[in-house]
Amino acid sequence: MKHTQQTVNIFKQRGKARIALLASLVILGLISFWFYQRSYIVVIDDARISASMINMSSDVSGQITKLHIVRGQKVSVGDSLVSIDNRQTKLKLAQSQHNLSITKLKLNRSEINYSLKNQQNQSHYQAQLSRVASTKALVNNAEIQLKHAKAELKRADSLLKNKLISDQLWENKRIDALQTQQLYLKLQADLSKENAELVNTKSMIGESKLMAQDIAILKEEINALNIAICLLYTSDAADDSLR
C-alpha cells in the first residue's frame, strides 16, 4: 500500500513538470513570434515616420492672410510660404521714426543749452573764486591794521595818563582805531556775502551736471529707438511674406 502511494506521487510530480515545461515552450514560442513580426512584418496600426521638424517664425507680427503652399509641396530657400498683414508693424515703424526725430531735436536743444549754461556757470564760478580770495586778502590785511591800531591806542592811553601826548593826538589814535575796526567788520560782512554767492554758484554747476545727465538719458533713448527701428527693418520687415 505504501509502495503504491509513492508511485502515485511520482507520477503527479512528473505531470506537473511536463505542464510547466509545456507552458514554458508556449511562452517562448509567443515571444519568438512577436520578435518575428516586429522584424519582418510591417504593422500599420503602430507605424512611425522619421522626419526633421523645423520651427518657423516671422519677424513681422500680424495675421496670416494667404497661404502660398500646399501640404507635401517641396519648397526652396527664398520661396514665399504665407502672406502676413504687417500694417501694425509699419505703424510701429513710423511711430518709432517719429519718436526718434523728436528725441534728436530734444537732444540738440539740450546740448546747446548745456554748453551755454555750463560755460556761464564755470566762468561765474571762477570769477567768484577770485572775488572770495581777494576779499579774504582784504580781511586779513584789515585784521593786521586793526591789531596795530588797537596797539597804538593802548600806547596812546598810557602816554596820555603820563601827559606825554596831547588830547588831540590821543583822539586821532582813537578815531583811527575805530575806523579800522569798522572797515574790518565791513570786509568780514563782504566776505560772508561772497562765500554765500560762491555756494550759489556751486549749486548752479550742480544744475549743469543734472543737464548732462538728462543728455545722457536722451542719448540712451536714441540708441534704443535706433535698435527698435533696425529690428523692424530686418528680415523683410517692410515685406508681407514669410520666406
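Read on for an overview of the structure. Everything numeric here is computed off the predicted structure, so don't read it as measured data.

**Looking at the overall build of the chain**
Then, number 1: Secondary structure assignment for the chain yields 3 helices and 3 strands.
Then, number 2: Seen in sequence order, the chain has helices and strands lined up from the N terminus as α-β-β-α-α-β.
Then, number 3: The proportion of buried residues among the 243 residues of the chain is 18%.
Then, number 4: Intrachain contacts of the chain at a sequence separation of at least 6 include 74% that bridge at least 24 residues.
Then, number 5: Approximately 19100 Å² of the chain is accessible, and the part contributed by carbon and sulfur atoms is 57%.

**Notes on the side chain of Thr201**
Then, number 1: For Thr201, the position within the fold is in helix H3 (residues 167-233).
Then, number 2: A residue is classified by how much of its surface remains accessible, and Thr201, at 1% relative accessible area, is buried.
Then, number 3: If near-sequence neighbours (up to four positions away) are discounted, Thr201 is found in contact with Asn121, His124, Tyr125 and Gln128.

**Side note on the environment of Ser192**
Then, number 1: Considering the arrangement of structural elements, one finds Ser192 in helix H3.
Then, number 2: Separated by 56 residues in sequence, Ser192 and Lys136 have C-alpha atoms that sit 9.7 Å apart.

**Some words on unusual backbone geometry**
Then, number 1: Of note in this structure, Lys163 is not a glycine but carries a positive phi near 55 degrees.
Then, number 2: Structurally, Lys163 is set in the loop between helix H2 (87-161) and H3.
Then, number 3: Overall, the relative accessible area of 74% leaves Lys163 in the exposed class.

**Here's the deal with the pattern of salt bridges**
Then, number 1: In the structure shown here, the tally under the stated rule is 5 salt bridges.
Then, number 2: Glu194 serves as the salt-bridge partner of Arg131, at 3.8 Å between the closest nitrogen and oxygen. Taken as a pair, Arg131 in helix H2 and Glu194 in helix H3 lie far apart in primary sequence, 63 residues in all.
Then, number 3: Arg131 gets classed as partly exposed once you look at its relative accessible area, which sits at 36%.
Then, number 4: In this structure, Glu152 and Lys173 form a salt bridge, with 3.2 Å as the shortest nitrogen-oxygen distance.

**Details of the nonpolar core**
Then, number 1: Membership of the largest hydrophobic core is limited to 10 residues, which are Tyr125, Val132, Val139, Ala142, Leu146, Tyr184, Leu187, Leu191, Leu198 and Ile205.
Then, number 2: Elements supplying a minimum of two residues to this core: H2 and H3.
Then, number 3: The contact partners of Leu191, leaving out residues within four places of it in the chain, are Val132, Thr135, Lys136 and Val139.
Then, number 4: Within the second largest apolar cluster, 9 residues are counted, among which are Leu93, Leu100, Ile215 and Leu232.

**Here we look at the packing of H2 against H3**
Then, number 1: For the pair H2 and H3, the least separation of the axes is 4 Å and the interaxial angle reads 165 degrees. It follows from the interaxial angle that H2 and H3 lie roughly antiparallel. Crossing geometry of H2 relative to H3 is assigned as left-handed.
Then, number 2: Tallied by class, residues from the contact of H2 with H3 come to 32 nonpolar, 21 polar and 20 charged.

**Observations regarding H2**
Then, number 1: Over its 75 residues, H2 runs 107 Å from end to end, which matches the ideal 111 Å to within 8%, given 1.5 Å per residue.
Then, number 2: Count one or two residues on from H2 and you reach Lys163, which has phi positive near 55 degrees.

**Quick word on the environment of Lys92**
Then, number 1: The residue Lys92 is located in helix H2 in this model.
Then, number 2: Accessibility expressed as a relative area gives 48% for Lys92, which makes it partly exposed.
Then, number 3: Each C-alpha atom, one on Lys92 and one on Leu232, is 8.2 Å from the other, the two residues being 140 residues apart in sequence.

Thresholds applied
Residues numbered from 1 in each chain as written. Predicted model: local features only at pLDDT ≥ 70, side-chain atom pairs only at ≥ 80, totals over all residues. Heavy atoms only, no water. Helix = DSSP H or I, 4+ residues; strand = E, 2+ residues; numbered from the N terminus. Buried < 20%, exposed > 50% of the residue type's maximum accessible area, 1.4 Å probe, protein only. Contact = heavy atoms within 4.5 Å. Areas by Shrake-Rupley, 256 points an atom, 1.4 Å probe, with all protein chains shown as cover. Salt bridge = Lys/Arg side-chain N within 4 Å of Asp/Glu carboxyl O. Core = buried A, V, L, I, M, F, W, Y, C linked by side-chain atoms within 4.5 Å. Axes fitted to C-alpha atoms, helices over the stretch in contact; angles between N-to-C directions. Parallel < 35°, antiparallel > 145°, perpendicular 65-115°, else oblique. Left-handed = near helix turned anticlockwise from the far one by under 90°. Nonpolar A, V, L, I, M, F, W, Y, C, P; charged D, E, K, R; others polar. Expected span 1.5 Å × (residues − 1).

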